[in-house]
Amino acid sequence: MKNIKQSEIDLVAKVFSDVFDKYDLMNDIMSLGVHRIWKKNMIDWMNPQKGSCLIDVGSGTGDIAKSFLERIKFQGKVTCVEPNKLMLKTGKRKLKNLNKIEWIAASAEKLPLESENFDLYSVSFGIRNFSNINQSLKEAKRVLKKGGRIFCLEFSKVENEILKKLYKTYSRSIPHIGKYVTGKSEPYEYLINSIDKFYNQEELSEIFKKNGFYKVEYRNLSGGIAAIHSGWKI
Ligand SMILES: C[S@@+](CC[C@H](N)C(=O)[O-])C[C@H]1O[C@@H](n2cnc3c(N)ncnc32)[C@H](O)[C@@H]1O
């Protein structure tokens, strides 16, 4: 998969502008609530310590920020970076009582932030949408402190043939569910196609390594429907 073109950047922006108000609801419906377990799995692996600083990029409506802050009993900080103003506004409103979150309207490829400022970097179901993954990972590495760690939760590739068939059949119903709930099927067609075209676990690991992360590992979730990748800046 190559870096995507301007027309595709516009398409991604339109997709999220079309669904921002039903984004959380659709996540729960499409994944039957499982996305919450996957996000919790990422926070479990991250095992954040009190006082740590997280940057969550492609933060959407802020699920990771909330979960992270709850885990460290609100003794730390999160910077949520999200280019879509409607998603960002929805997140800000949803988490208005959490004053440990800074919200920034920006893209992963160009973070308007100082270098070596964060202990942890996370991206959850966002990297697939980034227009330039290599540039985004370079930026991730730049803003992480030495000894900092990146975590990436993303849809991935199922290996078991039976599960693969079941998942494929279920995936085909998602645009119909999307149409029923939000009145639009196109954003969900984009979602299914983008998952299909995306890298497998090993390919994504190689990209992390190529961009200077060390000790890159991944863990499959639900048989590889999703995976969490992690790497260190040293
Ligand atoms: C599928 S949502 C995931 C939201 C949230 N992280 C979650 O797990 O629920 C992907 C998000 O990535 C954002 N996004 C798209 N392109 C981006 C980019 N180049 N840089 C940062 N975020 C981007 C979208 O606007 C959208 O809010």
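Just above sits the structure.
Remember, predicted model here, so these are calculated numbers, not experimental data.

The rules behind these values
The written sequence of each chain sets the order in which its residues are numbered from 1. Selection of residues for local features in this predicted model requires a pLDDT of at least 70, selection of side-chain atom pairs for listing and counting requires 80 or more, and totals for whole chains, interfaces and linings are taken over all residues. Values reported for side chains reflect all heavy atoms of the structure, with hydrogen atoms and water molecules removed beforehand. Secondary structure elements are taken from DSSP: a helix is a run of H or I of four residues or more, a strand is a run of E of two residues or more, and numbering for both begins at the N terminus. To get the radius of gyration, use the C-alpha atoms; to get the globule rule, take the number of residues to the power 0.38 and multiply by 2.2 Å. Note on exposure labels: buried denotes an accessible area under 20% of the residue type's maximum, exposed denotes more than 50%, and partly exposed covers the range between, all computed with a 1.4 Å probe on protein chains only. Note on contacts: a residue pair qualifies if any of its non-hydrogen atoms lie within 4.5 Å across the two residues. To measure how exposed things are, a 1.4 Å probe is used in the Shrake-Rupley method; for residues, cover is taken only from the protein chains shown. Only four residue types enter the tally: Lys and Arg on the positive side, Asp and Glu on the negative side, with His and both chain ends excluded. Where a charge sits is defined by one atom per residue type, namely NZ (Lys), CZ (Arg), CG (Asp) or CD (Glu). Any residue with a non-hydrogen atom lying within 4 Å of a molecule or strand is treated as near it. Each polar contact in these results corresponds to two N or O atoms within 3.5 Å; when the atoms are within protein, one needs to be able to donate a hydrogen and the other to accept it, and residues that are neighboring in sequence are counted only if both atoms are side-chain atoms. Each Phe, Tyr or Trp ring (for Trp, its six-membered ring) is paired with any other whose centre lies within 6.5 Å, and the angle between the two planes then decides the class: stacked below 30 degrees, edge-to-face above 60, tilted in between.

> How should the overall build of the protein be read in this particular structure?
For the protein, the helix and strand inventory stands at nine helices and seven strands. In summary, the protein has a C-alpha radius of gyration of 17 Å against a globular reference of 17 Å for 234 residues, a match within 12%. C-alpha atoms of the protein, sized along the principal axes, occupy 45 × 35 × 35 Å. In the protein, which comprises 234 residues, the share counted as buried stands at 51%. Taking all contacts inside the protein whose residues are at least 6 apart in sequence as the whole, residues at least 24 apart take part in 71%. Looking at the protein as shown, the accessible area adds up to about 11,800 Å², and 54% of this sits on carbon and sulfur atoms. Taken together, the 40 basic and 27 acidic charged side chains of the protein have centroids lying 3 Å from each other.

> Help me understand the site of the ligand, please; the structure alone is not making it clear to me.
Taken together, 19 residues sit near the ligand, with Lys39, Gly58, Glu82, Ala108 and Ser124 positioned nearest. Taking Ser124, its side chain carries an N or O atom lying 2.5 Å from an oxygen atom of the ligand. Isolated, the ligand exposes 590 Å² of accessible area, and the fraction of that covered by the protein chains is 94%. Those elements giving two or more residues to the shell around the ligand turn out to be helix H1 (6-19) and helix H2 (23-31).

> What am I meant to see in the packing of aromatic side chains here?
Within a pair of aromatic rings, the relevant descriptors are the distance that separates the centres and the angle that separates the planes. For the structure on display, the rule yields seven aromatic pairs. Seen from their ring centres, Phe198 and Tyr199 are 5.2 Å apart, and the 65° between their planes marks the pair as edge-to-face. For Phe198, a relative accessible area of 4% corresponds to the buried category. Since its relative accessible area comes to 15%, Tyr199 is described here as buried. Grouped by ring-pair contacts, the aromatic residues Trp38, Phe125 and Phe155 constitute a single cluster.

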